[in-house]
Protein chains: 2
Amino acid sequence: MLAERARPAHYPSLMTTLSPYDSMSPVNRAAYRAKAAAADLAPLPRAVKDDALAAIADALEVRTSEIVEANAKDIAKAREAGTSEAIIDRLTLTPERVRAIASDVRDVVALPDPVGEVVRGSTLPNGIDLRQVRVPLGVVGIIYEARPNVTVDAAALCLKSGNAVLLRGSASAYESNTALVRVIRDAVGGAGLPADAVQLVPGESRESVRELMRARGLVDVLIPRGGASLIQTVVTESIVPVIETGTGNCHVYVDADADLDMAIDILINSKAQRVSVCNAAETLLVHQDIAPEFLPRALDALAEAGVTVHADPRVLAYAKDSKATVVEATPEDWDTEYLSYDIAAAVVDSLDKAVEHIRLWTSGHTEAIVTTSQQAARRFTQLVDSTTVAVNASTRFTDGGQFGFGAEIGISTQKLHARGPMGLPELTSTKYIVTGDGHIRR
Amino acid sequence: MLAERARPAHYPSLMTTLSPYDSMSPVNRAAYRAKAAAADLAPLPRAVKDDALAAIADALEVRTSEIVEANAKDIAKAREAGTSEAIIDRLTLTPERVRAIASDVRDVVALPDPVGEVVRGSTLPNGIDLRQVRVPLGVVGIIYEARPNVTVDAAALCLKSGNAVLLRGSASAYESNTALVRVIRDAVGGAGLPADAVQLVPGESRESVRELMRARGLVDVLIPRGGASLIQTVVTESIVPVIETGTGNCHVYVDADADLDMAIDILINSKAQRVSVCNAAETLLVHQDIAPEFLPRALDALAEAGVTVHADPRVLAYAKDSKATVVEATPEDWDTEYLSYDIAAAVVDSLDKAVEHIRLWTSGHTEAIVTTSQQAARRFTQLVDSTTVAVNASTRFTDGGQFGFGAEIGISTQKLHARGPMGLPELTSTKYIVTGDGHIRR
């Protein structure tokens with residue numbers, strides 16, 4: 001028998017809220033095709049994905065000249081625009097660099113496939129078998145600046161983990177990225193996988209980024225990689241879930257019981273081994289008991305490394321007798337990520353005061369303690385809440401490669417989903433598989 | 001020597017962007033105090049947290065009359081407003097119910113503490129010891145509707161996992177929640193923990209929810225629990241990271257090779273054991289080969305369970321000879337979460353067509369297949385991408401209690417951070433601890 005139609009609550013799904021494909025914006029169309037490709041990628045076994053990655057590496061080498069020629073156009077445009085040589089260097093692709101990028105792709109082939117890993121499993125009291133297994137996230141959007149090698153890195157890591165990727169590089173690398181993605185898509189398609197698994201987001205304008213940030217339901221996660229203002233924009237404006245990466249206001253704390261030689265080594269390595277990276281130290285905190293012995297040596301060592309010290313009054317007291325370049329610190333210095341040969345420095349009354357300073361000012365990336373005291377090491381690691389706490393080691397170790405992950409899609413500084421260097425497992429989600437023999441709930 | 005001050009890039013931290021405490025809004029002040037409390041909670045050992053939980057359970061029992069009296073005011077107001085008896089029942093706290101809530105808190109005492117668990121660890125080739133350990137998220141905001149038992153549940157789970165919690169219940173339970181939180185805070189303070197670890201978000205207006213959604217840097221995660229419109233609002237408007245919970249448009253697919261008795265049992269249990277919950281089935285898909293045998297029986301069984309069937313034309317063909325109440329399905333039915341004695345039903349040509357239907361319309365909660373075919377079970381679990389895929393088991397098992405987690409803060413339907421039922425580990429993040437002997441990076 002037929003009855004009157006009920007009027008249930010209706011919550012429109014993605015399918016009823018999406019406009020028809022033909023009337024979608026170019027960005028949404030790309031995302032829609034990525035979502036379809038992601039569904040095809042998800043169940044693929046490792047061997048199929050590895051073959052596609054090997055094909056990409058080969059194609060990059062075979063078609064190097066096509067890539068380098070496209071890159072030359074970007075470089076010419078950058079020179080015209082008066083771009084600094086440092087940035088032009090980061091943008092430049094030589095045949096050697098393309099070979100190195102292809103070799104990085106082969107390294108990804110060698111990494112284990114995270115998809116299918118059983119994260120947790122048990123037989124429930126009622127006999128149901130419960131398994132939690134890793135599955136791809138689906139569609140990953142990467143918004144990044146300058147370096148065209150990120151285009152290939154991100155595509156390789158996403159493919160290996162069964163994800164489709166939407167790449168939104170900077171306008172300054174448009175020709176290079178277009179050529180790289182063309183080569184990758186041809187290789188992916190040639191290996192029998194959907195070419196739409198790797199796409200450049202159409203459009204060079206800011207509007208295409210805004211559309212990507214609103215493509216909830218089509219895009220599963222956005223990962224911004226670049227400067228603080230890019231990341232801030234994506235984090236505050238996106239309704240697609242975001243993994244925040246990268247800002248690093250890292251601290252080195254030299255405890256009362258530190259080995260002085262070790263403290264100097266770790267300070268100089270953390271600050272000056274490479275200054276432009278997020279895991280470089282930006283603030284030095286020194287326990288008052290060791291300051292008279294440590295600071296004169298530290299200031300000289302920083303001077304030798306070419307580092308300018310932004311000193312609080314208690315550090316300043318040691319400056320006159322040193323070779324160091326020292327300026328008075330303002331409160332602003334405590335939350336500055338210099339990314340240059342500069343460091344803020346303060347003397348603190350105790351380990352707890354160091355922790356308090358760090359809690360107030362850190363961006364939550366990496367903090368190091370140098371100490372010979374087991375209690376101090378334990379208390380510092382317990383109280384400091386950052387992605388990484390280093391004991392008697394340089395802040396510079398916070399890195400997917402250094403951690404042995406084999407690859408890194410970025411360093412998450414947020415607490416949800418992934419924290420710290422992100423490798424392949426961080427590009428996955430999980431699903432539960434419940435297997436019964438007709439089990440019903442009583 | 002002193003030098004000219006450099007002009008580094010300055011990215012203001014939370015500390016420089018926050019207004020002074022006294023000029024903060026009441027919601028931000030609460031969040032600020034929660035953040036301070038969270039820092040104190042993080043390093044606490046399990047025994048201290050368990051003592052506080054036991055004190056909460058005791059206090060709930062000792063002060064039951066105070067709670068029931070406050071609850072009576074909410075109920076009187078709800079009656080005045082003409083609230084339905086079903087909702088009044090959900091709102092009501094009797095002495096028995098308070099005792100049950102206290103008993104739930106004691107169950108949380110018995111659960112293992114996720115904090116401190118070593119998730120991953122290794123010694124790197126250079127001799128550095130690397131450990132990834134679970135740490136609390138920090139400040140968790142819960143926005144929820146109606147039931148006052150959520151107030152206590154959420155507080156207990158957050159405390160156990162070392163998190164401070166900001167509770168934003170519905171205005172209709174304001175008196176009950178105020179009394180419950182007063183009792184909890186007294187117990188927490190009495191146990192020597194910061195009372196601000198548990199706070200009711202001040203203000204009954206929508207504005208207080210909006211402020212909570214903008215408290216990025218103070219609040220680490222928001223978990224909305226309630227109807228679809230609440231969740232939708234939080235997910236699209238919050239700049240604090242959100243864990244999306246709850247909407248469930250769950251499917252039961254009866255394969256060509258299904259055991260018919262089992263299929264009937266699972267269908268009826270999934271749909272009608274409890275209709276108002278997110279893991280109840282909302283759509284039945286039947287393989288065309290088994291439809292002639294299965295559908296007449298299924299329609300009768302659904303009729304007996306009091307379920308109205310929203311049928312596609314191929315299901316409709318079987319309706320005339322059955323006792324079932326059947327209406328013609330419209331496309332809208334495929335994405336409707338009825339939460340009532342209604343089910344949408346369609347015949348599909350194949351397993352792959354069933355998967356296609358599910359992919360298009362599911363909210364990604366739980367899908368079940370009934371089949372005796374190993375290949376069909378394998379293909380369905382591989383291709384369906386939802387928090388839970390059930391093979392020969394009811395959709396109703398997707399639940400933290402059923403999964404053996406001992407407690408549940410909600411069911412995540414998103415892919416980031418947590419997916420499916422969330423227990424205590426899902427209320428944590430991790431940090432890396434790097435231990436060396438003066439290691440520096442070369």
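Above this text is the structure in question.
The structure displayed is predicted, hence computed values, not measured ones.

**Focus: the pairing of strand 8 (residues 281–287) of chain B**
Across a regular strand the side chains alternate sides, sitting on one face of the sheet and then on the other.
Residue and element names in this part refer to chain B.
Turning to step 1, where the next piece is worked out: Taking burial as the measure, the seven residues of strand 8 include seven buried ones, the bulk of the element.
Turning to step 2, where the next piece is worked out: Bridge count between strand 7 (residues 250–254) and strand 8: five bridges; the pairing is parallel. Within strand 8, the residue paired with Cys250 across the bridge is Ala281.
Turning to step 3, where the next piece is worked out: Considered for its hand, the β-α-β crossover made up of strand 7, helix 11 (residues 260–272) and strand 8 is right-handed.
Turning to step 4, where the next piece is worked out: Bridge count for strand 8 against strand 11 (residues 342–348) is five bridges, and the pairing is parallel. Note on strand 11: the bridge partner recorded for Thr283 is Ala344.

**A short note on the side chain of Arg396 of chain B**
Turning to step 1, where the next piece is worked out: You can see Arg396 of chain B is positioned in the loop between strand 13 (388–393) and strand 14 (410–412).
Turning to step 2, where the next piece is worked out: Of the side chains bearing the opposite charge, Asp399 of chain B lies closest to the buried Arg396 of chain B, which forms no salt bridge; the N-O distance is 5.9 Å.
Turning to step 3, where the next piece is worked out: A polar contact of 2.7 Å, which involves the side chain of Arg396 of chain B, links it to the side chain of Gln273 of chain B.
Turning to step 4, where the next piece is worked out: Apart from residues lying up to four places away in sequence, Arg396 of chain B is in contact with Arg441 of chain A together with Asn269, Ser270, Gln273, Arg274, Val277, Asn279, Ala280 and Gln402 of chain B.

**Topic: the pattern of salt bridges**
All names here are of chain A.
Turning to step 1, where the next piece is worked out: A complete count under the given rule lists 52 salt bridges over all chains for this structure.
Turning to step 2, where the next piece is worked out: Linking Arg79 and Glu85 is a salt bridge whose minimum nitrogen-to-oxygen distance equals 3.1 Å.
Turning to step 3, where the next piece is worked out: Residues participating in the shared-partner salt-bridge network are Arg63, Glu66, Arg182 and Asp186.

**With respect to the interface of chain A and chain B**
Turning to step 1, where the next piece is worked out: Listed per partner, the contact involves 104 residues of chain A and 105 residues of chain B.
Turning to step 2, where the next piece is worked out: Summing both sides of the interface, chain A and chain B together bury roughly 8,700 Å²; the carbon and sulfur share of this comes to 56%.
Turning to step 3, where the next piece is worked out: At the boundary of chain A and chain B, one finds six salt bridges.
Turning to step 4, where the next piece is worked out: The residue Lys415 of chain B makes a salt bridge to Asp220 of chain A at a minimum N-O spacing of 3.6 Å.
Turning to step 5, where the next piece is worked out: Here chain A is connected to chain B by 39 residue pairs in polar contact (both at pLDDT 80 or more).
Turning to step 6, where the next piece is worked out: The dominant element in the side of chain A that touches chain B, judged by the number of residues it contributes, is strand 16 (residues 428–439) of chain A, at eleven residues.
Turning to step 7, where the next piece is worked out: When the residues that make up the side of chain A that touches chain B are grouped by side-chain class, the tally is 49 nonpolar, 31 polar and 24 charged.

What counts as what
- Residues numbered from 1 in each chain as written.
- Chains lettered and ligands numbered in written order.
- Predicted model: local features only at pLDDT ≥ 70, side-chain atom pairs only at ≥ 80, totals over all residues.
- Heavy atoms only, no water.
- Buried < 20%, exposed > 50% of the residue type's maximum accessible area, 1.4 Å probe, protein only.
- Helix = DSSP H or I, 4+ residues; strand = E, 2+ residues; numbered from the N terminus.
- Pairing = 2+ DSSP bridges.
- Right-handed = clockwise from strand over helix to strand, strands pointing away.
- Lys, Arg positive; Asp, Glu negative; His and termini not counted.
- Salt bridge = Lys/Arg side-chain N within 4 Å of Asp/Glu carboxyl O.
- Polar contact = N/O pair within 3.5 Å; in protein donor to acceptor, adjacent residues only side chain to side chain.
- Contact = heavy atoms within 4.5 Å.
- Buried area = accessible area lost by both parts, 1.4 Å probe.
- Nonpolar A, V, L, I, M, F, W, Y, C, P; charged D, E, K, R; others polar.

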